[in-house]
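Commentary on secondary and tertiary structure
Listed below are the residues making up each chain.
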Amino acid sequence: MRDHLLARAAAEGPLPFEEFMRAALYGPEGFFAGGVLRSVRSGDFLTSPEVSPLFGETIAAFVRAEAARIGAGTPDVVDAGAGSGSLLRPLLDALGPAGRVWAVDVSPAARASLAERVPEAAVAPALDAVPGGLRGVVVANELLDNLPAALAVRTGEGWDEQRVAAVDGALALVEVPARPEVAAWADAHGGDVPPGGRVEVQLEAGAWVAAALSRLEAGALLVVDYGDTAEGLRPRRAEGTLRTYRAHHFGPDPLLEPGATDITMDVNFSAIAAVASEAGAEVSLHRQDDFLVSLGLDARLSELRHRELDLARSGDTMARLRLRSDLSDGQTLLHPRGLGDFRVLAARV
Ligand SMILES: C[S@@+](CC[C@H](N)C(=O)[O-])C[C@H]1O[C@@H](n2cnc3c(N)ncnc32)[C@H](O)[C@@H]1O
């Protein structure tokens, strides 16, 4: 993969960062291409639904509320970037009768897991396969942070763009004047960036949000991810938020081992909120902890605590330990400096 990208950059000239990211993550030897399931405990990152089935169960309450709002008896459900099925399975179990169900994931390993674990879902590699006219909810947990982005760097007067070039036999970032659409996005959504500061230009995330909303006749798009508003991301702008992950740890520089690490960034929720508003949606933004508590997760955890006390009295130690572990996993979803600090954007149409 590295050699292929070196040859490509030498032949074509410096590659826009989104082209590099697309090849590194989604190309034939990309991070998501192989037979490895990335979003599981033994994989590269641990997501909310992998931590606890209470995540999917709680999101079912959101789907029910949306179904009631739009008058859909059996709401359609789409999980985009659905991973192993750890969100969709408990969601559908808690929801009861659903309408059409889609599980979308670019990774063949994820699609194999989804076909087995969520047999009632139509499994597809991309959102393009999902038809329009949906009445229900499209959910994307930790998808948008992976969508290819350009990199803009603040200059005195405007913006340069970092591209990936072949320099002395290695991949290196070089700066060239930014393309007009990159500069325009950075002006609109980058916020107050110091000279030399870096902004990930998330044009594809915006296009994805518009495409997802266009499939909804009525209902909501729910985007859950790490990130913040443009203002909230400001303290991180000197360095930018681009990073890699591998086996649950920060990985090396994204240019060093393309294809072997996840490449990700904080989602700029101001930018995607703007796209959703422009598409006519009513947008609200929440912290994950507040959002899940508003849907009843706190009450569910109290119920588990009471059951644990009952088990303590009855002396069933194994069942009590299992419940305690479930309880602790559920509490992890609300950790204020961990998963609870994720953002949830609801865009209702
Ligand atoms: C961080 S994982 C999250 C998986 C799952 N939503 C969860 O919360 O456990 C990101 C998932 O999105 C998938 N993915 C990444 N880019 C995608 C794209 N452009 N379209 C569809 N799926 C994508 C990956 O294969 C991976 O399974």
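Residues numbered from 1 in each chain as written. Predicted model: local features only at pLDDT ≥ 70, side-chain atom pairs only at ≥ 80, totals over all residues. Heavy atoms only, no water.

Section: the pairing of strand 3 (residues 101-104)
Short version of the rule: Each residue is placed in one exposure class: buried if its accessible area under a 1.4 Å probe, protein chains only, is under 20% of its type's maximum, exposed if it is over 50%, and partly exposed if it falls in between. Secondary structure elements are taken from DSSP: a helix is a run of H or I of four residues or more, a strand is a run of E of two residues or more, and numbering for both begins at the N terminus. Any two strands with at least two DSSP bridges between them are considered paired. Throughout, right-handed denotes a crossover for which the path from the first strand over the helix to the second runs clockwise when the strands point away from the viewer.
Taking every second residue as pointing to the same face, both faces of strand 3 are buried, with V101 and A103 on one and W102 and V104 on the other. Note: strand 2 (residues 76-80) against strand 3, four bridges, orientation parallel. Of the residues in strand 3, the one forming a bridge with A80 is V104. Taken together, strand 2, helix 5 (residues 88-95) and strand 3 constitute a β-α-β crossover, and its handedness is right-handed.

Quick notes on the environment of V199
Rules: Contacts between residues were defined by any pair of non-hydrogen atoms, one from each residue, lying within 4.5 Å.
Mapping V199 onto the fold places it in strand 9 (residues 198-201). Remark: the alpha-carbon pair of V199 and N268, spanning 69 residues in sequence, is separated by 9.7 Å. Ignoring any residue separated from it by four or fewer positions in sequence, one finds V199 in contact with A150, L151, A152, W159, W185, G190, V193 and R237.

Considerations on the packing of aromatic side chains
To keep it simple, the criterion reads: A pair of Phe, Tyr and Trp rings is counted when the ring centres sit within 6.5 Å of each other, with Trp represented by its six-membered ring. The angle between the planes then sorts it: under 30 degrees is stacked, over 60 is edge-to-face, the rest tilted. Comment: the charge-over-ring label is applied if NZ (Lys) or CZ (Arg) is within 6 Å of the ring centre and within 35 degrees of the ring normal.
Counted by the stated rule, this structure contains five aromatic pairs. Each ring, one from F17 and one from F20, has its centre 5.3 Å from the other, and the planes form 45°; the classification is tilted. Taken together, the positions of F17 and F20, both in helix 2 (residues 17-26) and three residues apart, correspond to about one turn of that helix. Across the pair, exposure class does not vary: F17 and F20 are buried alike. By the ring-pair criterion, three or more aromatic residues cluster together here, those being Y26, F31 and F32. Note that R154 overlies the ring of W159, its terminal NZ or CZ placed 4.3 Å from the centroid.

Some thoughts on the sheet that holds strand 5 (residues 134-141)
How we decide: Here, axes are lines fitted to C-alpha atoms. For helices the fit covers the stretch in contact, and angles between N-to-C directions go from 0 to 180 degrees.
Pairing within the open sheet is mixed, and its seven strands lie in the order 4-3-2-5-10-17-16. Two strands bound the open sheet, and with one partner strand each, they are strand 4 (122-124) and strand 16 (282-287). With strand direction ignored, the average angle separating the axes of adjacent strands in the sheet is 15°. Bridge count for strand 5 against strand 10 (residues 216-225) is eight bridges, and the pairing is parallel. Residue L134 lies in a different strand from strand 10, and its bridge partner there is L216. Strand contacts of helix 5: strand 2 and strand 3, with the helix running at about 165° to strand 2, the strand carrying the most contacts. Along the sheet, helix 10 (residues 269-278) makes contact with strand 10, strand 16 and strand 17 (343-348), crossing strand 17 at roughly 5°.

What about unusual backbone geometry?
For residues that are not glycine, phi is negative in most cases, and the peptide bond is trans in most cases. Although it is not a glycine, E142 sits at a positive phi angle of roughly 55°. Take E142: it is sitting in the loop between strand 5 and strand 6 (150-154). We note that D168 has phi near 50°; this positive angle belongs to a residue other than glycine. Assessed through its relative accessible area of 78%, D168 is described here as exposed.

Considerations on the domain arrangement of the protein
Quick reminder of the rule: Domain start and stop points were drawn from an automatic or database domain assignment. Buried area: the accessible surface (1.4 Å probe) lost by two parts on joining, summed over both.
Taken as a whole, the protein is organised into domain 1 (2-20 + 149-201) and domain 2 (48-147 + 203-293 + 336-348). A C-alpha centroid distance of 27 Å is found between domain 1 and domain 2. Counting residues at the interface gives 23 residues for domain 1, matched by 19 residues for domain 2. Across the interface of domain 1 and domain 2, roughly 1800 Å² is buried in total on both sides, 64% from carbon and sulfur atoms.

A word on the pairing of strand 8 (residues 170-177)
Note that strand 7 (residues 159-167) and strand 8 share eight bridges and pair antiparallel. Note that in strand 8 the partner of Q162 across the bridge is E175.

Quick word on the site of the ligand
Selection criterion: Being near a molecule or strand, for a residue, means having at least one of its heavy atoms within 4 Å of it. Whenever a nitrogen or oxygen atom comes within 3.5 Å of another N or O atom, the pair is scored as a polar contact, on the condition that within protein one atom can donate a hydrogen and the other can accept it, and that pairs from neighbouring residues in sequence are kept only if both atoms are in side chains. Residue exposure ignores everything except the shown protein chains as possible cover, and the areas themselves are Shrake-Rupley values with a 1.4 Å probe.
Around the ligand sit 18 residues in total, of which Y26, T47, G81, D105 and N141 are the nearest. At a separation of 3.2 Å, a nitrogen atom of the ligand approaches a polar backbone atom of V106. N141 places a polar side-chain atom, nitrogen or oxygen, 2.8 Å from an oxygen atom of the ligand. Protein contact buries 93% of the 590 Å² of open area that the ligand shows by itself.

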